[in-house]
Amino acid sequence: QVQLVESGGGLVQPGGSLRLSCAASGSIFSINAMGWYRQAPGKQRELVATITSGGSTNYGDSVKGRFTISRDNAKNTVYLQMNSLNPEDTAVYYCNAYRRDITTLIRRDYWGQGTQVTVSS
């Protein structure tokens, strides 16, 4: 099992910045990638950013150039630096980690409890 604990959400004005953190614990040795997804009211959960165990990153189109994902392997923590926030970024942000079985190729996802980010003046 993998446990994910997010922190860093809150209320910020348009144009402001926030940094989210996600600390992983448990059976993290075989995790392939970690990342962030978000879900706004009435909308589907969408990809924000991911980072693989090798450090490769991927971003959703709506956040490219504004958000940066990084990881601290010593702390088993992934960060999401969010700049130039706008009201459309308002959502619950969920930390994700996944492991893909090397034999069956079945993917297993783990999720944090979510942290609210609200962008409003």
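Conventions used here
- Residues numbered from 1 in each chain as written.
- Predicted model: local features only at pLDDT ≥ 70, side-chain atom pairs only at ≥ 80, totals over all residues.
- Heavy atoms only, no water.
- Phe/Tyr/Trp six-rings, centres within 6.5 Å; stacked < 30°, edge-to-face > 60°.
- Lys NZ or Arg CZ within 6 Å of the ring centre and 35° of its normal.
- Core = buried A, V, L, I, M, F, W, Y, C linked by side-chain atoms within 4.5 Å.
- Buried < 20%, exposed > 50% of the residue type's maximum accessible area, 1.4 Å probe, protein only.
- Helix = DSSP H or I, 4+ residues; strand = E, 2+ residues; numbered from the N terminus.
- Contact = heavy atoms within 4.5 Å.
- Pairing = 2+ DSSP bridges.

**Student:** Describe the packing of aromatic side chains, with residues and values.
**Tutor:** Tallying each qualifying case throughout the model produces 1 aromatic pair. Positioned above the aromatic ring of Trp111 is the side chain of Arg45, whose terminal nitrogen or guanidinium carbon lies 4.5 Å from the ring centre. Sitting above the plane of the Tyr98 ring, Arg107 keeps its charged end 3.7 Å from the centroid.

**Student:** Residues and numbers for the nonpolar core, please.
**Tutor:** Among the nonpolar cores identified, the biggest contains 29 residues, and Leu4, Met34, Trp36, Leu80, Met82 and Tyr93 are the most heavily contacted of them. At the level of secondary structure, the elements contributing two or more residues to this core comprise β1 (2-7), β3 (18-26), β4 (33-39), β5 (46-52), β7 (67-72), β8 (77-82), β9 (91-100) and β11 (115-119). Beyond its immediate stretch of four places on either side in the chain, Tyr93 contacts Glu6, Leu20, Trp36, Tyr37, Arg38, Val48, Phe67, Leu80, Met82, Gly114, Thr115 and Val117.

**Student:** Describe the pairing of β5, and please don't skip the residues or the numbers.
**Tutor:** Across 6 bridges, β4 lies against β5 in antiparallel orientation. Looking across to β5, one finds that Tyr37 is bridged to Leu47. The hairpin formed by β4 and β5 contains 6 residues between the paired strands, and Gly42 there has a positive phi angle of roughly 80°. Relative to strand β6 (residues 57-59), β5 runs antiparallel, the two being bridged by 3 bridges. From the neighbouring strand, Thr50 faces β6, where its bridge partner is Asn58. Linking two consecutive strands that pair antiparallel, namely β5 and β6, is a turn of 4 residues; a positive phi of about 100° is found at Gly55 within it.

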